[in-house]
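Fold and contact review
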Amino acid sequence: MKNVVMAAVIFFAIFANGWGGSAKASETETRATWLWNPWEIVNDEAGTLTFLEGKNVNKVYVQIDRDIPITVYQSFIEKAFAKGMKIYALDGGPNWVAPKGDQNLDQLMNWLKTYQNGSSELQKFAGVHLDVEPYLHSGWSTNQAATIKSYQALLLKANSSATGMGLPLEADIPFWFDGVPYKNIFGKGTLAEWVIVNTNSITVMAYRDSATLIMDLVKDEISLAGKYNKQLVIGVETGQTDEGDEISFFEEGEVYMNQELAQVESFYANTAGFGGIAIHHVDSWKTMKP
């Protein structure tokens, strides 16, 4: 009987409100993805929008490339908005926590301020989404405490800039930040909790290929998000990787992924702090096997 009930839950989640069907996603539940190659909207805006709409995506983190004309972003955002999607300005990199690395943040925010001021309400970005990954910077291994402090200072600066434009700030974090301690001028605790407190929302890179593993990885972060009345989005991987068989849904395909994500969504459906699911990323998702 238990198996029958679970099968019914999965069936309903996939086909009534799932990733691959035609039904619209819940207004309160995020169904997001990363668009790292914004030239896709230069070369095939209509095709990109059709793909996103077909997957019931309602939020897209779009990489900012200052070589792309502002009019391209304006056109894409306006058309995406008409389809019920929110577009967030995506940028970041490990070098952003290097000495003077915050100049990269300044460039992003200056570009974004100019863009917002020159765009109509229907063409504006809905927020800022940072993917910094400070642990990939060399300083993480040579002086982790200083690198963490630099990362925290960067996020606070980003939050101030975003707030000044009336935009929410979001950040990607790995699932293991709940095990990274800090003690400095910003207080003491775990890095996961600090980022949750100092951003509007986080996306946890819970890159595993089963519902059980994913739910286990994010349980502490979801609890923290609920504690601070924040929204946490669970990110999963679809790209090919050499980091292990359990990292990505690349091998299993989209049908299997949808089944596992339906279980995750069902499990956390009424949990404070759970904001939805994000698929990493558009390019690999497009070529994913059924």
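This report concerns the structure included in the present document. Computed from a predicted model, the values in this text were never measured in an experiment.

1. What to know about the nonpolar core
- Ranked by internal contacts, the top residues of the largest apolar core, which has 86 residues, are Phe-125, Leu-130 and Ile-234.
- Per-element tally for this core: the top contributor is helix H9 (residues 211-227), with eight residues.
- Those residues within four positions of Phe-125 in sequence are excluded, and the remaining contacts are Ile-64, Tyr-73, Ile-77, Ile-87, Tyr-88, Ala-89, Trp-111, Leu-112, Tyr-115, Gln-116 and Leu-167.

2. Observations concerning the side chain of Lys-59
- Note that Lys-59 resides in strand S2 (residues 59-63).
- Side-chain polar atoms of Lys-59 contact the side chain of Glu-170, separated by 2.3 Å.
- Other than its neighbours up to four places away in sequence, Lys-59 contacts Thr-30, Arg-31, Ala-32, Thr-33, Lys-86, Tyr-88 and Glu-170.

3. Re the pattern of salt bridges
- Taken as a whole and assessed by the stated rule, the structure comprises twelve salt bridges.
- Taken together, the salt bridges that share partners define one network made up of Glu-29, Arg-31 and Glu-265.

4. A few points about the environment of Ala-153
- With respect to the secondary-structure elements, Ala-153 resides in helix H7 (residues 144-164).
- Overall, the relative accessible area of 36% leaves Ala-153 in the partly exposed class.
- Residues Ala-153 and Phe-186, 33 residues apart in the sequence, show an inter-C-alpha distance of 8.7 Å.

5. Let's talk about the pairing of strand S6 (residues 181-184)
- In terms of strand pairing, S6 meets strand S7 (residues 187-190) through four bridges, oriented antiparallel. In the strand pairing of S7, Lys-183 is matched with Lys-188.
- Hairpin connection between S6 and S7: a loop of two residues separates the two successive antiparallel strands.

6. Looking at the sheet that holds S2
- Read around the closed barrel, eight strands run S1-S2-S3-S4-S5-S8-S9-S10, paired in parallel fashion. Averaged over neighbouring strand pairs, the angle between their axes works out to 25° when direction is ignored.
- By the bridge criterion, three bridges tie strand S4 (residues 127-130) to strand S5 (residues 169-174) in an arrangement that is parallel. Directly across from His-129, in S5, lies its bridge partner Glu-170.
- Lying over the sheet, H7 contacts S4 and S5, oriented at roughly 155° with respect to S5.
- Against the sheet, helix H10 (residues 254-268) engages strand S1 (30-35), strand S9 (231-237) and strand S10 (274-280), with an angle of about 165° to S10.

7. A word on the packing of aromatic side chains
- One pass over the full model with this rule turns up 18 aromatic pairs.
- Here the aromatic rings of Tyr-151 and Phe-177 are separated by 6.1 Å at their centres, their planes lie at 70°, and the arrangement is edge-to-face. Remark: Phe-177 occurs in the loop between S5 and S6 and Tyr-151 occurs in helix H7; sequence separation between them is 26 residues. The residues Tyr-151 and Phe-177 share a single accessibility class, namely buried.

8. What to know about the environment of Gly-235
- In this fold, Gly-235 is placed in strand S9.
- Note on Gly-235: relative accessible area 0%, which makes it buried.
- Distance from Gly-235 to Met-205, taken between C-alpha atoms, is 4.7 Å for residues 30 residues apart in sequence.
- Once residues lying within four places of it in the same chain are set aside, the contact partners of Gly-235 are Trp-34, Thr-203, Val-204, Met-205, Ala-206, Tyr-207 and Ala-278.

9. A few points about the pairing of strand S3 (residues 86-91)
- Counting buried residues in S3 gives five out of six residues, a clear majority hidden from the surface.
- Where the polypeptide runs from S2 across helix H4 (residues 70-82) and back to S3, its parallel neighbour, the crossover connection is right-handed.
- Pairing of S3 with S4 involves four bridges; the strand directions are parallel. Among the inter-strand pairings, Leu-90 is bridged to a residue of S4, identified as His-129.
- For the crossover from S3 across helix H5 (residues 102-117) to S4, the handedness is right-handed.

Reading the values: rules and limits
Residues numbered from 1 in each chain as written. Predicted model: local features only at pLDDT ≥ 70, side-chain atom pairs only at ≥ 80, totals over all residues. Heavy atoms only, no water. Core = buried A, V, L, I, M, F, W, Y, C linked by side-chain atoms within 4.5 Å. Buried < 20%, exposed > 50% of the residue type's maximum accessible area, 1.4 Å probe, protein only. Helix = DSSP H or I, 4+ residues; strand = E, 2+ residues; numbered from the N terminus. Contact = heavy atoms within 4.5 Å. Polar contact = N/O pair within 3.5 Å; in protein donor to acceptor, adjacent residues only side chain to side chain. Salt bridge = Lys/Arg side-chain N within 4 Å of Asp/Glu carboxyl O. Pairing = 2+ DSSP bridges. Axes fitted to C-alpha atoms, helices over the stretch in contact; angles between N-to-C directions. Phe/Tyr/Trp six-rings, centres within 6.5 Å; stacked < 30°, edge-to-face > 60°. Right-handed = clockwise from strand over helix to strand, strands pointing away.

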